[in-house]
Amino acid sequence: MAGCEAEVSRSYLSQIEKGKYYASLKIIEKLAGVLQIEAWELLKGPTKGGNG
């Protein structure tokens, strides 16, 4: 799981996904590194198709 590799707890990541917490730039950078994508890709809104 990306959260574990980025050293982010499952519960914290879940709360971010639910919109209860906001991710810091540090967390976004860690997750992007694990996912091998640019950090900005995690910040872009969903597409019209709803798949990203």
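Now for a description of the structure that goes with this document. Every chain's residues receive numbers from 1 upward, in the order its sequence appears when written. Per-residue local features are limited, in this predicted model, to residues with pLDDT of at least 70; the limit for side-chain atom pairs, both in listing and counting, is 80 or more; totals at the level of whole chains, interfaces and linings are taken over all residues. Based on all heavy atoms of the structure, the side-chain values leave hydrogens and waters out of the count.

1. With respect to the environment of Lys30
Step number 1: Along the polypeptide, Lys30 turns up in helix H3 (residues 25-35).
Step number 2: With relative accessibility at 31%, the residue Lys30 sits in the partly exposed group.
Step number 3: Spatially, the C-alpha atom of Lys30 lies 5.3 Å from that of Ala6, the residues being 24 residues apart in sequence.
Step number 4: A contact between two residues is defined here by any heavy atoms of the two lying within 4.5 Å. When near neighbours in sequence (up to four residues on either side) are disregarded, Lys30 contacts Ala6 and Glu7. Secondary structure is summarised from DSSP: a helix means a run of H or I of at least four residues, a strand means a run of E of at least two, and numbering begins at the N terminus for each. The classification of residues rests on relative accessible area computed with a 1.4 Å probe and restricted to protein chains. Under 20% of the type maximum is buried, over 50% is exposed, and intermediate values are partly exposed.

2. Description of unusual backbone geometry
Step number 1: With a phi angle near 60 degrees, Gln36 is a residue other than glycine that sits in the positive phi range.
Step number 2: Position of Gln36 relative to the elements: it lies in the loop between H3 and helix H4 (40-43).
Step number 3: Given the relative accessible area of 73%, Gln36 is considered exposed.

3. Focus: the nonpolar core
Step number 1: For our purposes a nonpolar core is just a set of buried Ala, Val, Leu, Ile, Met, Phe, Trp, Tyr and Cys residues, chained together by side-chain atoms within 4.5 Å. Core analysis: the largest hydrophobic core is formed by six residues, namely Ala6, Val8, Leu13, Ile16, Ile27 and Leu31.
Step number 2: Put simply, the parts of the chain that give this core at least two residues each are helix H2 (10-18) and H3.
Step number 3: Those residues in contact with Ile27 that lie beyond four places of it in its chain are Val8, Tyr12 and Ile16.

4. Regarding H3
For the α-helix, the turn length of 3.6 residues means that residues three or four positions removed from each other point alike.
Step number 1: Along H3, the residues that are buried comprise Ile27, Ile28, Leu31 and Ala32. One side of H3 carries all its buried residues, which in axial view fall inside an arc of 130 degrees. Seen from the open side of H3, the exposed residues pointing more than 90 degrees away from its buried face are Leu25, Lys26, Glu29 and Gly33. Starting at the helix axis, one direction is taken to each C-beta atom, and the arc is that of these directions.

Just distances and angles here, no functional claims.
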